Amino acid sequence: MNLFKGDQNVDQIEQLVDYINSSRNIVATTGAGISVGGGGITYGQIRSAGITRRNGDSYSSFLPTFLDDMFSYMPSFSHYALKELEDEGKLLGIITTNVDCMHTIAGSKNVAEIQGSLQVNCCADCGKHYDGYEIWKQEELPRCKSCGGEILPWPLYSHIGLWEEDVCKSRKWISQADLILAIGTRGNYGDVYWGYRNRSTVIIQINPGRTSFDGVADLNIREKCDDVFKKLTKKRNKNV
C-alpha cells in the first residue's frame, strides 16, 4: 500500500494502466469533478440556488436554474471512458454523488446515485413516481398526470437525503472491489459506503486538488480527470 505517494518519478499513467489491466472488479467513485468538462449539475449549484427545500420560491427557482438548459451539455470524456471499462467487464459499478444523470446518459448500466438524481422524481401531493430524466426535457415544470400536483426531483423533495436502494448497491460493490478509482470527488462520505471496502483494496485518486483521499490513496494523480482518461485510453489502445 501507498508505494507511490511520494515518488514523483513514477509514470503515473503507465501505473494506472497496469492497475486497471490487472484488476477484475474496479469500482469508481465520482463527484463534481468528472462532470466539469460537460457542464454537469452539482449539489453546490443546488445549494446556491436555494432549492434544497420545497416551498414556492425555491421550486420556482428550479426552472431558470436548471430546466432552461437541462441536458444542453453532454457527458465528459471520463464518463464515456468508464462506460468502456464497464463494457470490458472490468468496472463493477460507479458510486456517485452527482445528480446530473451523466453516467446513465453516457451508457453506464451499473450506477449507484447515493444521493439520488434528476431521474428519481415523485409527485409532491400523491407520491406517484415519475422516474427517468426524460421528464425534465420540456419547457414547463412537469405536473402529475393523476392529481395535477408538482413533480419534484429527489434532491428537492428529500432535502438532499440518501437514496437507500443505491446506497445498498454501493456497499455491495465496494466490498467486492480490488481497485477503487476516486475521480473528481473530495470526500468518501464516511460510513455511507466507504467503510465497507476491503482494507487491502488499491485506491487511485484522480483529482487536481487536495482531498480527503490523499492520505489513503496508493496513487494520487494531480490532473483533471478528462486529461488522465485521454492519456489512459491512448496508452491502453497502443498496447493492444
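Just above, that's the structure.
Residues numbered from 1 in each chain as written. Predicted model: local features only at pLDDT ≥ 70, side-chain atom pairs only at ≥ 80, totals over all residues. Heavy atoms only, no water.

(A) Structural view of the overall build of the protein. When helices and strands are tallied, the protein shows eight helices and eight strands. Here the protein holds 240 residues, and the buried ones make up 55% of them. Restricting to contacts in the protein with at least 6 residues of sequence separation, those with at least 24 account for 65%. (Helix = DSSP H or I, 4+ residues; strand = E, 2+ residues; numbered from the N terminus. Buried < 20%, exposed > 50% of the residue type's maximum accessible area, 1.4 Å probe, protein only. Contact = heavy atoms within 4.5 Å.)

(B) Just helix α7 (residues 164-176), in detail. The end-to-end C-alpha distance of α7 is 19 Å, a good match for the 18 Å that 13 residues give at a rise of 1.5 Å each. As for α7, its buried residues are in contact with β1 (26-30), β2 (91-96), β3 (111-113) and β6 (179-183). (Expected span 1.5 Å × (residues − 1).)

(C) Structural context of the side chain of Arg 236. Looking at the secondary structure, you find Arg 236 in helix α8 (residues 225-239). Overall, the relative accessible area of 15% leaves Arg 236 in the buried class. Polar side-chain contacts of Arg 236 include one of 3.0 Å to the side chain of Glu 88. Setting aside its immediate chain neighbours within four residues, Arg 236 contacts Val 17, Ile 20, Asn 21, Leu 85, Glu 88 and Lys 90. (Polar contact = N/O pair within 3.5 Å; in protein donor to acceptor, adjacent residues only side chain to side chain.)

(D) Here's a closer look at the pairing of strand β7 (residues 202-206). Burial within β7 is extensive, with five of its five residues counted as buried. Where burial is concerned, the two faces of β7 agree: the one with Val 202, Ile 204 and Ile 206 and the one with Ile 203 and Gln 205 are both buried. Across five bridges, β6 lies against β7 in parallel orientation. Its bridge partner lying in β7, Ile 180 is registered against Ile 203. Bridge count between β7 and strand β8 (residues 219-221): three bridges; the pairing is parallel. Pairing of Ile 206 across the sheet is with Ile 221, part of β8. (Pairing = 2+ DSSP bridges.)

(E) Local environment of the sheet that holds β7. The strand order across the open sheet built from six strands is β3-β2-β1-β6-β7-β8, with neighbouring strands paired in parallel fashion. The open sheet has two free edges, formed respectively by β3 and β8, since each of these has just one partner strand. Ignoring strand direction, the axes of neighbouring strands in this sheet form an average angle of 15°. Relative to the sheet, helix α4 (residues 77-87) contacts β1, β2 and β6, its axis offset from that of β2 by approximately 145°. Packed on one face of the sheet, α7 meets β1, β2, β3 and β6 and runs near 130° to β3. (Axes fitted to C-alpha atoms, helices over the stretch in contact; angles between N-to-C directions.)

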